[in-house]
Amino acid sequence: MTIRHHPPDDFLTGFAAGTLDLGQHVAIATHLTGCSRCRRTVRLMEHVGGSVLAEMQPTPMSDDALARVEARMDQPVMPAARIAPPRPGALDDLPELPAFVRRYAVSSWKWIAPGLRFRPIQLPTDSPTRVFLLQSAPGTAMLDHTHTGQEMTCVLRGGFQHRAGQYGPGDFDLGDSSRHHDVVVDAGEACLCLVAMHGKLRLSGLLGAIVQPFLRL
Ligand SMILES: [Zn+2]
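Quick caveat, the model's predicted, so the values are computed rather than measured.

A.B. asks: Sorry, what's going on with the overall build of the protein chain here?
C.D. replies: The secondary structure content of the protein chain amounts to five helices and 12 strands. Across the 217 residues that make up the protein chain, the buried fraction comes to 42%. Within the protein chain, contacts between residues at least 6 apart in sequence are counted, and of these 65% link residues at least 24 apart. Summed over its atoms, the accessible surface of the protein chain is roughly 12,700 Å², and 58% of this surface lies on carbon and sulfur atoms.

A.B. asks: Please explain the nonpolar core as it appears in this structure.
C.D. replies: In a soluble, globular protein the nonpolar side chains are often hidden away together inside. Ranked by size, the top nonpolar core spans 33 residues in total, and within it Ile28, Ile121, Leu133 and Leu194 carry the most contacts. Elements with a minimum of two residues in this core: helix H1 (9-17), helix H2 (22-34), helix H3 (36-55), strand E4 (129-136), strand E6 (151-157), strand E9 (172-175) and strand E11 (191-198). Top element by residues in this core is H2. It accounts for five residues. Beyond its immediate chain neighbours, meaning those up to four positions away, Ile28 contacts Pro7, Phe11, Leu12, Phe15, Leu20, Met152 and Phe172. Residues Leu134, Met142, Val155 and Cys191 belong to the second largest nonpolar core, which totals 15 residues.

A.B. asks: Can you walk me through a nonpolar patch on the surface in this structure?
C.D. replies: Together, Leu44, Val48, Val52, Leu53 and Met56 give the surface a local cluster of nonpolar side chains, amounting to about 510 Å² of exposed area. Here Leu53 shows up in helix H3. Leu53 sits in the exposed class, given a relative accessible area of 61%.

A.B. asks: Would you explain the side chain of Asp21 in this entry?
C.D. replies: Mapping Asp21 onto the fold places it in the loop between H1 and H2. Polar side-chain contacts of Asp21 include one of 3.2 Å to the side chain of Ser127. At 2.8 Å, the side chain of Asp21 forms a polar contact with the side chain of Thr129. Apart from the residues lying within four places of it in its own chain, the contact partners of Asp21 are Ser127, Pro128, Thr129 and His198.

A.B. asks: Help me understand the pairing of strand E3 (residues 116-122), please; the structure alone is not making it clear to me.
C.D. replies: Regular strands place their side chains on alternate faces of the sheet. Burial of E3 is extensive: five of the seven residues sit out of reach of the surface. As paired elements, strand E1 (residues 105-106) and E3 share two bridges and run antiparallel to each other. In the strand pairing of E3, Val106 is matched with Ile121. Two elements, strand E2 (residues 110-113) and E3, share three bridges in a ladder whose sense is antiparallel. Note on E3: the bridge partner recorded for Trp111 is Arg117. Between the antiparallel neighbours E2 and E3 lie two residues, among them Gly115 with a positive phi of about 80 degrees. Pairing of E3 with E4 involves six bridges; the strand directions are antiparallel. When the sheet's bridge partners are listed, Arg117 is paired in E4 with Gln135. Hairpin remark: E3 followed by E4, antiparallel, with six residues in the connecting loop.

A.B. asks: Looking at this model, I keep getting lost on the sheet that holds strand E10 (residues 184-185). Mind explaining?
C.D. replies: Pairing between the strands of a sheet is mediated by backbone hydrogen bonds and can be parallel or antiparallel. Pairing is antiparallel across the open sheet formed by three strands, whose spatial order is E8-E7-E10. A single partner strand is all that each edge strand has here, and the edge strands are strand E8 (165-167) and E10. Bridging between strand E7 (residues 160-162) and E10 involves two bridges; their strand directions are antiparallel. Directly across from Gln161, in E10, lies its bridge partner Val184.

Rules of the game
Residues numbered from 1 in each chain as written. Predicted model: local features only at pLDDT ≥ 70, side-chain atom pairs only at ≥ 80, totals over all residues. Heavy atoms only, no water. Helix = DSSP H or I, 4+ residues; strand = E, 2+ residues; numbered from the N terminus. Buried < 20%, exposed > 50% of the residue type's maximum accessible area, 1.4 Å probe, protein only. Contact = heavy atoms within 4.5 Å. Areas by Shrake-Rupley, 256 points an atom, 1.4 Å probe, with all protein chains shown as cover. Core = buried A, V, L, I, M, F, W, Y, C linked by side-chain atoms within 4.5 Å. Patch = residues over 30% accessible without salt bridge, like charges linked within 9 Å, V, L, I, M, F, W, Y side chains within 5 Å. Salt bridge = Lys/Arg side-chain N within 4 Å of Asp/Glu carboxyl O. Polar contact = N/O pair within 3.5 Å; in protein donor to acceptor, adjacent residues only side chain to side chain. Pairing = 2+ DSSP bridges.

As structure tokens, this is what we get:
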């Protein structure tokens, strides 16, 4: 697997620092499972961050710090949302899905448009970034579109191209409101991607204006 497109450094920094929201974190982690180059970068950032922490001057704590911590120990713990894991065999058609994603509940395939369907991934906590699998039939030309927020795409199977280049398994693509996405899926094989989307898709042109009200993404 030759990876040509990687996440921008600020996302790798956010991953190392734990400042990404959960949906973004899942997308970057998906890329990291297949990309040794970005894993090295994240390890380096974590090392640098640890060194900075070690060299910081300690700050004196307030006199009542211990009392406040002890008071919180009596408060009830908020349980995490319980989401049923996928039933056995439900993800057998998705061998490329990283193991950590397979622990989340994944809905059934939903139709979006001819040649295009998606499968939402239910995250255990709320996130402003939604995560879903997107499968496109070979040769599908996506409607020209932009985004109201950021969209991270991790290619799991097959490939596509747009004006920024050719994308295949392991590649990472970032779309945002400043970039038009005129995506054409490679011929011969369906393209499967994990997508983390913040905001909504905005389709361009007259056809987009007609289709947009019916689009569920
Ligand atoms: Zn990478």
